[in-house]
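Secondary and tertiary structure notes
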Amino acid sequence: MSSPVIHVPPSAAPSPLKRAAKGAARLAALVGVSPVLASFWLSAAVRGRGLALESRSQLLSLWPGLTGQYLRRAFLERVLARCHPSVCVEFGTFFSQPGAMLDENVYVGPRCTLGLVHLERDVLLAANVQIPSGGMTHYFNDPTKPIREQGGERKLVTVGAGAWVGSGAIVLADVGKGTVVAAGSVVTKPLPDNVIAAGVPAKVIRNRFEAPAEGEA
């Protein structure tokens, strides 16, 4: 007996009343998060914006539900390089780099860890996705020094418009537009547009718009 399937319809455009309610909620969230914003700018002047962002986003990540979504967005809109008002960031997610950019209709699932990343329009990240600032945040080539003393580099990682990254994936390189990254995959090299990729390291399985081969999921 096959398992039941629940079909979820696409999101409908909000009514004028709903848009007005959202506007009021955004204003209330800005008022509510203003003490955190003030402490962020004070800390940033002393410790730098990166450390100030990391600690405040960790704090706000712990606020559950819809209220938490609004508070996080109100904060991130004012401290990241770009954060569109339509962005949704779920519980447990935090940011470490103020240069991060989140475009229109981006969804970030619970418990994600994001560094220097550009999530383009309509990107979906499932739960527990990790996108650090590239794959060389720590150098390790000098055997005479501990890794912690060798420095590293931060590189902007771009996830292209409309891409979907599955649960638990680790993304160290760019992901093309419209591409699907399977759950648990590790992206170590750039992926092209409109493909399905999976594995450790992630490899292209097929073009997203081709019919799967017989016996292939």
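Residues numbered from 1 in each chain as written. Predicted model: local features only at pLDDT ≥ 70, side-chain atom pairs only at ≥ 80, totals over all residues. Heavy atoms only, no water.

**What about the layout of surface pockets?**
The condition that has to hold: Only protein atoms enter the calculation, which uses a 1 Å grid: trapped sets of points that fit a 1.4 Å probe without letting it out are cavities, open sets showing protein on both sides within 12 Å along at least five of seven lines are pockets, and any residue with an atom within 4 Å of a point is a lining residue. Grid points are joined across faces, edges and corners, and a volume is the space filled by probe spheres set on the points. Here a strand is any run of E in DSSP of at least two residues, a helix any run of H or I of at least four, and the numbering for each starts at the N terminus. Residue polarity follows a fixed list, in which Ala, Val, Leu, Ile, Met, Phe, Trp, Tyr, Cys and Pro are nonpolar, Asp, Glu, Lys and Arg are charged, and the others, Gly among them, are polar.
Volume-wise, the largest pocket comes out at about 640 Å³. Looking at the largest pocket, it is lined by 19 residues, and the ones nearest its centre are Pro14, Lys22, Arg73, Ser86 and Asn105. Taken together, the elements giving at least two residues each to the lining of the largest pocket come down to helix H1 (16-47) and helix H3 (65-79). Broken down by class, the residue content of the lining of the largest pocket amounts to nine nonpolar, four polar and six charged. Considered as a void within the structure, the second largest pocket measures approximately 180 Å³ in volume. Contributing to the lining of the second largest pocket are Glu54, Ser96, Gln97, Thr113, Leu114, Gly115, Gln130, Ile131, Pro132, Ser133, Thr137 and Arg154.

**Topic: the sheet that holds strand E2 (residues 88-89)**
For clarity, the threshold we go by: Pairing between strands is defined by DSSP: at least two bridges between them are needed.
An order of E2-E5-E8-E11-E13-E15-E16 is seen for the seven strands of this open sheet, with the pairing classed as mixed. The open sheet terminates on both sides in strands that have one partner only, identified here as E2 and strand E16 (203-207). Both strand E8 (residues 124-125) and strand E11 (residues 164-165) contribute to a ladder of two bridges, which runs parallel. The partner of Leu124 across the bridge, within E11, is Trp164.

**Structural notes on helix H2 (residues 49-61)**
For clarity, the cut-off: Helix span is expected to be 1.5 Å times the residue number reduced by one. Buried residues are those whose accessible area, probed at 1.4 Å on protein chains only, stays under 20% of the maximum for their type, while exposed residues exceed 50% and partly exposed ones sit between those limits. By definition, the arc is the one covered by directions from the helix axis to the C-beta atoms. In what follows, residue pairs with any heavy atoms lying within 4.5 Å of each other are defined as contacts.
Over its 13 residues, H2 runs 18 Å from end to end, which matches the ideal 18 Å to within 8%, given 1.5 Å per residue. Every buried residue of H2 is accounted for by Ala52, Leu53, Arg56, Ser57, Leu60 and Ser61. Across the axial projection of H2, the buried residues extend over an arc of 150°, all falling on one side. Buried residues along H2 sit against H1, H3 and strand E3 (94-95).

**Looking at the side chain of Ser43**
Tracing the backbone through its elements, the reader meets Ser43 in helix H1. Those residues in contact with Ser43, other than ones at most four positions away along the chain, are Gly48, Ala52 and Arg56.

**Digging into unusual backbone geometry**
Of note, the amide linkage connecting Val200 to Pro201 takes the cis form, showing an omega dihedral of -5°. Structurally, the position occupied by Pro201 is in the loop between strand E15 (195-198) and E16. Positive phi values are uncommon outside glycine, yet Asp122 reaches one of about 65°. As for its placement among the helices and strands, Asp122 is situated in the loop between strand E7 (117-119) and E8.

**Focus: the packing of aromatic side chains**
The criterion, for reference: Only Phe, Tyr and Trp rings take part, Trp by its six-membered ring, and two of them pair if their centres are within 6.5 Å. Stacked means planes under 30 degrees apart, edge-to-face means over 60, and tilted covers everything else. A ring is considered to have a charge above it if a Lys NZ or an Arg CZ atom is located within 6 Å of its centre and within 35 degrees of its normal.
Tallying each qualifying case throughout the model produces two aromatic pairs. Residues Phe40 and Trp41 carry aromatic rings whose centres are separated by 4.8 Å and whose planes lie at 75° to one another, so their mutual orientation is edge-to-face. Residue Phe40 is classed as buried on the basis of its relative accessible area, which comes to 0%. Classification of Trp41 by relative accessible area gives partly exposed; the value is 44%. Consider the rings of Phe40 and Phe75, whose centres lie 5.8 Å apart with planes at 90°: the pair is edge-to-face. In this pair, Phe40 is assigned in helix H1 and Phe75 in helix H3, connecting sequence segments 35 residues apart. Of the two residues examined, Phe40 and Phe75, each falls in the buried class. Taken together, Phe40, Trp41 and Phe75 form an aromatic cluster joined through their ring pairs. Directly above the aromatic system of Tyr70 lies the positively charged group of Arg73, at a separation of 4.6 Å from the ring centroid.

**Here we look at the environment of Val159**
Inspection of the secondary structure assignment puts Val159 in strand E10 (residues 157-159). Each C-alpha atom, one on Val159 and one on Ile131, is 9.6 Å from the other, the two residues being 28 residues apart in sequence.

**Some thoughts on the pattern of salt bridges**
Applied cut-off: Whenever a carboxyl oxygen of Asp or Glu lies within 4 Å of a side-chain nitrogen of Lys or Arg, that contact is scored as a salt bridge.
In total, this model carries four salt bridges according to the counting rule given. Notably, a salt bridge pairs Asp103 with Arg82, separated by 2.8 Å at the nearest N-O pair. Within this pair, whereas Asp103 is found in the loop between strand E4 (101-102) and strand E5 (107-108), its partner Arg82 is found in strand E1 (residues 82-83), the two being separated by 21 residues in sequence. On the basis of relative accessible area, Asp103 is assigned to the buried category, the value being 14%.

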